[in-house]
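Residues per chain, in single letters:
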Amino acid sequence: MTDTWVTLNKAKELFGYTPAAFRGKINRGQLVQGVHWRKAPDNRVVINPQAFNAWLASAEQV
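Residues numbered from 1 in each chain as written. Predicted model: local features only at pLDDT ≥ 70, side-chain atom pairs only at ≥ 80, totals over all residues. Heavy atoms only, no water.

Asker: Which parts of the structure should I look at to understand the sheet that holds strand 1 (residues 6–7)?
Answerer: Reading across the sheet, the three strands line up as 1-3-2 and stay open at both edges, with antiparallel pairing between neighbours. Lying at the two open borders of the sheet, with one neighbouring strand each, are strand 1 and strand 2 (37–39). (Pairing = 2+ DSSP bridges. Helix = DSSP H or I, 4+ residues; strand = E, 2+ residues; numbered from the N terminus.)

As structure tokens, then:
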């Protein structure tokens, strides 16, 4: 994955989380604006796959 921004639908293809699940993580503050997500000039939410993958990898495994 590269350091690019993708739409929520593309992020769904990459990670399996629905757009609603991404929005929930954004609203709960789990994903940081400007790092994991941002708003495009047309106000669409886009995800940084590399940063999101790093966030996934940071979860403690039990």
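Read on, since the account is not over.
Asker: Would you explain the side chain of N48 in this entry?
Answerer: When you line up the elements, N48 lands in the loop between strand 3 (45–47) and helix 3 (49–57). According to the relative accessible area criterion, N48 is buried, its value standing at 5%. A polar contact is formed between the side chain of N48 and the backbone nitrogen of Q50, at a distance of 3.0 Å. At 3.0 Å, the side chain of N48 forms a polar contact with the backbone nitrogen of A51. (Buried < 20%, exposed > 50% of the residue type's maximum accessible area, 1.4 Å probe, protein only. Polar contact = N/O pair within 3.5 Å; in protein donor to acceptor, adjacent residues only side chain to side chain.)

Asker: Is there a simple way to explain the packing of aromatic side chains in this structure?
Answerer: Two measures describe an aromatic ring pair: the distance that separates the ring centres and the angle between the ring planes. Taken as a whole, this structure holds five aromatic pairs when the rule is applied. Seen in terms of ring centroids, Y17 and F22 are 5.8 Å apart; in terms of plane orientation they differ by 65 degrees. Their pairing is edge-to-face. By relative accessible area, which is 0% here, F22 ends up buried. (Phe/Tyr/Trp six-rings, centres within 6.5 Å; stacked < 30°, edge-to-face > 60°.)

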